[in-house]
Amino acid sequence: MLPNAQNFTNKSSARAQILARKKITTGLMLCCLLGLGTLLVVTQLHAAEANIAKQNLYAKNYKEQNGYQLKSQTANPDTKMYLSNHKEDDNISMLEDGYDMMGSTGFNEIDAPVEDALQHGKAIKADTVLVYRKYGSAKKSNSKIELIKEAAKKGGEVDEKDMVEGPTEYQYYASYWAKLPMPLFGVHVIKLVKAASDDSEVKIEEKGLKVIAVIKDSPAAKANIVKGDTLLKVGDIELVKADDLFAAVKRYAGQIVPVELQQSGTEIKTKVALNSRK
């Protein structure tokens, strides 16, 4: 073999070895990248599961009170949260203080941090959040006795898992409130209906609109209209439904208007100086 041919053969062999090493290195790099990709996918799945576990149940179960998308008048409200046990009384007090309910949330859970309710309140720009926690249910000793009796009747056995005391579950409820500007009139009303007779399914609407709350310092409050009164007429408009009151207040805004109502069983007349919308 010629010297030059031998030299060419040696060089070709060396190149082949280098190329083979590059292929192995590339293969290893691809395997590492694939492994890293798998690791990232698994990590993301674990992160998603963790997010689900940490899900804010107050936000998940939130229901808006109406379609008005009510929120605080302040761009960045200093949302306050209070814990209470008197939901119905609190609702009336909030209405009287000039608030309206934005929405509420309710669910059963073993443990739901109340701080999550405040977090959701801030997210929807509520001025105030009221939170309630009530004992729900848990497996009691008498339920265990029933299990034993049932097993004895059927000649079977009681599973040990069924005898373990279950965790206590609580009923959680939160309401979210926004402070409103001073109203034109200042009352919250409902339409009452009653049965035609004790055993009748026929419903009869009662006359007027029942006042369930009067906003403090409002024109209605200054005219001595109180909770429990029945509004019958504002100006020339008879009050058959809530929309009638809204229409009357809008028509007579900024004026002193005669109002007919029933108070403590007696029909009386008074005058109310309605606010004007600025």
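A brief look at the structure comes next. Along every chain, residues carry numbers that run from 1 in the direction the sequence is written. The model is predicted, so local features are restricted to residues of pLDDT at least 70 and side-chain atom pairs to those at 80 or more, both for listing and for counting; the totals for chains, interfaces and linings are taken over all residues. Side-chain figures throughout are based on the complete set of non-hydrogen atoms in the structure, without hydrogens or water.

## Remarks on the overall build of the protein chain
Cut-off, in case you're wondering: Numbered from the N terminus, helices here are DSSP runs of H or I no shorter than four residues, and strands are runs of E no shorter than two. Only protein chains enter the accessibility calculation, which uses a 1.4 Å probe; a residue is then buried when its area is under 20% of its type maximum, exposed when over 50%, and partly exposed in between.
Counting its secondary structure elements, the protein chain contains 8 helices and 13 strands. Burial analysis of the protein chain (278 residues in total) assigns 28% to the buried set.

## Remarks on the environment of Lys210
We apply this condition: It only takes one pair of heavy atoms within 4.5 Å for two residues to be counted as in contact. Polar contact is the term for a pair of N or O atoms within 3.5 Å; when the atoms are in protein, one must be able to donate a hydrogen and the other to accept it, and sequence-neighboring residues count only if both atoms are side-chain atoms.
Among the structural elements, Lys210 can be located in strand E9 (residues 209-214). Along the chain, Lys210 and Ala242 lie 32 residues apart, while their C-alpha atoms are 9.8 Å from each other. Setting aside anything within four residues of it in sequence, one finds Lys210 in contact with His188, Val189, Ile190, Leu192, Gly228, Asp229 and Thr230. A polar atom in the side chain of Lys210 sits 3.1 Å from the backbone oxygen of Gly228.

## Some thoughts on helix H8 (residues 242-251)
Definition in use: The directions from the helix axis to the C-beta atoms form the arc being described.
Listing the buried residues of H8 in full gives Asp244, Leu245, Ala248 and Val249. Within H8, the buried residues cover an arc of 130° as seen down the axis, which keeps them to one side. Along H8, the residues that are exposed and aim more than 90 degrees away from the buried face are Phe246, Lys250 and Arg251. In this structure, the buried side of H8 is in contact with strand E6 (187-190), E9, strand E10 (230-234) and strand E11 (237-238).

## Let's talk about the nonpolar core
Here is a general trend for soluble globular proteins: nonpolar side chains tend to be buried in one another's company. Here is the rule we go by: Here the nonpolar core consists of buried residues drawn from Ala, Val, Leu, Ile, Met, Phe, Trp, Tyr and Cys, with membership extended through side-chain atoms lying within 4.5 Å.
If you look at the biggest cluster of nonpolar residues, it comprises 23 residues, and the most contacted ones within it are Phe185, Val187, Ile225, Leu231 and Leu245. Mapped onto this core, the elements with two or more residues apiece are E6, E9, E10, H8 and strand E12 (256-263). Beyond its immediate chain neighbours, meaning those up to four positions away, Leu245 contacts Val187, Val189, Leu209, Leu231, Val234 and Leu239. Listed in part, the 13 residues of the second largest apolar core include Ala117, Val129, Ala174 and Tyr176.

## Comments concerning the pairing of E12
Residues in a regular strand point their side chains to alternate faces of the sheet. Convention followed: A pair of strands is treated as paired once DSSP finds two or more bridges between them.
With 4 bridges connecting them, E10 and E12 associate as antiparallel partners. When the sheet's bridge partners are listed, Val234 is paired in E12 with Val259. Taken together, the 8 bridges between E12 and strand E13 (residues 266-273) define a ladder with antiparallel strand orientation. Across the sheet, the residue bridging to Gln262 is Glu267, located in E13. Hairpin remark: E12 followed by E13, antiparallel, with 2 residues in the connecting loop; positive phi at Ser264, about 55°.

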